[in-house]
Amino acid sequence: MKTIRIGTRGSLLALAQSGEVAKALRRRHPKILFEIVKIKTTGDEFKSVHLFKKNGIGIFTKEIERRLLDGRVDIAIHSMKDLPTKLAHGLTLAAVPKRGKVSDALLSRERHSLETLPEGSRVGTGSPRRKRQLARLRPDLKLVDLRGTLDTRVSKVLHDKTLDGVVVARAGLERLKKFNRYWKEISPDIFLPAVGQGALALQVRRGDAVVGKIVRVLNHKETERLAIAEREFLARLGGGCRVPVGILSKKMGSRIRLKAAVFSVSTGSFIEAVIERPWTQGVKAARLLADGLLKQGAGRFLSEARAS
């Protein structure tokens with residue numbers, strides 16, 4: 001029996017995600033053995049937000065990609081939002097499975113919504129995008145730098161009780177199948193998600209047609225097109241995962257709608273724009289949206305974020 005090795009981070013969420021992918025692949029290819037290989041990444045090493053921010057692009061993906069390139073694994077699974085917009089040389093994005101919910105969620109012991117969370121509550125997040133939107137919507141909240149695995153962040157609320165709430169991706173909570181009684185969705189229409197949020201990325205070696213074909217059966221065309229448009233937007237903007245940029249993409253009949261914003265890391269200022277184009281013009285729409293934001297002055301917010 002042929003064995004195909006799937007490389008993934010070793011967190012509970014990453015293993016849940018890779019487990020779903022492996023299960024789907026086994027259903028479609030019962031004569032192949034799919035083995036999950038846990039890989040520790042640079043991003044897993046940093047416990048403090050400060051050290052995490054100082055390190056560069058791809059800290060959750062480089063080690064996995066290295067194992068893929070040198071043949072120690074055959075498929076790499078990433079959270080799409082962690083994958084740099086410029087792919088490593090020699091690798092290709094083989095499939096994007098159907099996306100989970102794109103929204104963020106507020107998790108608290110009393111299952112508060114963002115609107116009902118008591119004044120002055122301590123809310124944890126390490127994401128500049130989430131911080132700036134929380135500060136805009138609820139300026140009374142005390143925002144606390146926080147990073148770590150999903151379980152680690154949630155424990156600060158439910159076990160240590162050092163925080164009143166944390167904001168995390170809804171898709172992660174749903175994939176982990178834990179903590180369902182503690183969270184409420186924050187509408188993505190008012191709280192823009194990260195680029196690629198809720199989607200997974202399946203990489204293979206460029207030129208490996210056999211594994212590429214095996215993986216491609218999991219591709220969800222609509223998710224792939226939306227994710228590609230979002231990633232093109234970020235690449236054109238010149239941003240990255242550590243700058244406060246949010247985007248919401250939707251297929252609306254025969255059209256694509258993109259709504260995006262760039263936030264200042266030091267003030268309450270932000271620049272927002274919306275664009276609609278025919279569904280087949282997603283990449284063009286993303287470029288136009290990014291260009292429009294830059295013309296409005298978004299570049300200074302991006303420079304400010306990188307300098308900080």
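Treat the numbers as computed from the prediction; the structure is a model and nothing was measured.

## Comments concerning the overall build of the protein chain
For step 1, the next point in the chain: A count of helical and extended segments in the protein chain gives 11 helices and 13 strands.
For step 2, the next point in the chain: In summary, the protein chain has a C-alpha radius of gyration of 19 Å against a globular reference of 19 Å for 308 residues, a match within 12%.
For step 3, the next point in the chain: Across its three principal axes, the protein chain shows a C-alpha extent of roughly 60 × 45 × 35 Å.
For step 4, the next point in the chain: The proportion of buried residues among the 308 residues of the protein chain is 53%.
For step 5, the next point in the chain: Within the protein chain, residue pairs in contact and separated by at least 24 positions form 69% of the contacts whose partners lie at least 6 positions apart.

## A few points about the sheet that holds strand β11 (residues 245–252)
For step 1, the next point in the chain: Strands sit in the order β11-β12-β13 across an open sheet of three strands; the sheet is antiparallel. Of all strands in the sheet, those bounded by a partner on one side alone are β11 and β13 (270–278). The sheet shows a mean angle of 10° between the axes of neighbouring strands, taken without regard to direction.
For step 2, the next point in the chain: Note that β11 and strand β12 (residues 255–263) share eight bridges and pair antiparallel. Note that in β12 the partner of G246 across the bridge is A261.

## Notes on the pairing of strand β8 (residues 165–169)
Within a regular strand, the side chains alternate between the two sheet faces.
For step 1, the next point in the chain: When you tally the buried positions in β8, you get five out of five residues, the bulk of the element.
For step 2, the next point in the chain: Pairing between strand β5 (residues 104–108) and β8: five bridges, direction antiparallel. Across the sheet, residue D104 finds its bridge partner in β8, namely A169.
For step 3, the next point in the chain: Alignment of strand β6 (residues 122–124) against β8, held across two bridges, turns out to be parallel.

## Section: the sheet that holds strand β10 (residues 200–205)
For step 1, the next point in the chain: Spatial strand order, β2-β1-β3-β10-β4: five strands in an open sheet with mixed pairing. Bordering the open sheet on either side are β2 (32–38) and β4 (91–95), each of which pairs with just one other strand. Taken pair by pair, the neighbouring strands of this sheet meet at an average axis angle of 35°, ignoring direction.
For step 2, the next point in the chain: In this structure, strand β1 (residues 2–8) lies alongside β2, joined through seven bridges in parallel fashion. From the neighbouring strand, G7 faces β2, where its bridge partner is V37.

## Examining the environment of E65
For step 1, the next point in the chain: Summarising the element assignment, E65 is placed in helix α4 (residues 62–69).
For step 2, the next point in the chain: E65 sits in the buried class, given a relative accessible area of 7%.
For step 3, the next point in the chain: For the pair E65 and P97, spaced 32 residues apart in the sequence, the C-alpha separation amounts to 19 Å.
For step 4, the next point in the chain: When sequence neighbours within four positions are dropped, the list of residues in contact with E65 reads H78, L83, A88, L91 and Q203.
For step 5, the next point in the chain: Side chain to side chain, E65 and Q203 meet in a polar contact 3.0 Å long.

## Some details on the packing of aromatic side chains
For step 1, the next point in the chain: Scanning the entire structure with this criterion turns up one aromatic pair.
For step 2, the next point in the chain: The ring of F270 carries R136 above its face, with NZ or CZ at 4.6 Å from the centroid.
For step 3, the next point in the chain: For K251, the ring lying beneath its charged end belongs to W279, and the centroid distance is 5.2 Å.

## Brief notes about the nonpolar core
One broad trend across soluble globular proteins is that nonpolar side chains are buried collectively.
For step 1, the next point in the chain: Judged by nonpolar contacts, the single largest core of 26 residues is most densely connected at F233, L237, V245, L258, V262, L289 and L293.
For step 2, the next point in the chain: At the level of elements, α9 (221–237), β11, β12, β13, α10 (282–295) and α11 (298–307) are the ones that each hand at least two residues to this core.
For step 3, the next point in the chain: When residues no more than four places from it in sequence are discounted, the contact partners of L289 are F233, I247, L258, A260, A273, V274 and I275.
For step 4, the next point in the chain: If you look at the next biggest cluster of nonpolar residues, it comprises 19 residues, including A22, I77, I214 and L218.

## Observations concerning the pattern of salt bridges
Note that side chains of opposite charge can pair when their charged atoms are close.
For step 1, the next point in the chain: Per the counting criterion, the structure on display carries 22 salt bridges.
For step 2, the next point in the chain: Here the salt bridges share partners, and the residues they tie into one network are R5, D74, R205 and D208.

## So, the side chain of S18
For step 1, the next point in the chain: Positionally, S18 belongs in helix α1 (residues 12–28).
For step 2, the next point in the chain: Here the side chain of S18 touches L15 through a polar contact of 3.1 Å, landing on its backbone oxygen.
For step 3, the next point in the chain: The residues contacting S18, other than those within four sequence positions of it, are T8, I36 and I77.

Parameters and conventions
- Residues numbered from 1 in each chain as written.
- Predicted model: local features only at pLDDT ≥ 70, side-chain atom pairs only at ≥ 80, totals over all residues.
- Heavy atoms only, no water.
- Helix = DSSP H or I, 4+ residues; strand = E, 2+ residues; numbered from the N terminus.
- Rg over C-alpha atoms; globule rule 2.2 N^0.38 Å.
- Buried < 20%, exposed > 50% of the residue type's maximum accessible area, 1.4 Å probe, protein only.
- Contact = heavy atoms within 4.5 Å.
- Pairing = 2+ DSSP bridges.
- Axes fitted to C-alpha atoms, helices over the stretch in contact; angles between N-to-C directions.
- Polar contact = N/O pair within 3.5 Å; in protein donor to acceptor, adjacent residues only side chain to side chain.
- Phe/Tyr/Trp six-rings, centres within 6.5 Å; stacked < 30°, edge-to-face > 60°.
- Lys NZ or Arg CZ within 6 Å of the ring centre and 35° of its normal.
- Core = buried A, V, L, I, M, F, W, Y, C linked by side-chain atoms within 4.5 Å.
- Salt bridge = Lys/Arg side-chain N within 4 Å of Asp/Glu carboxyl O.

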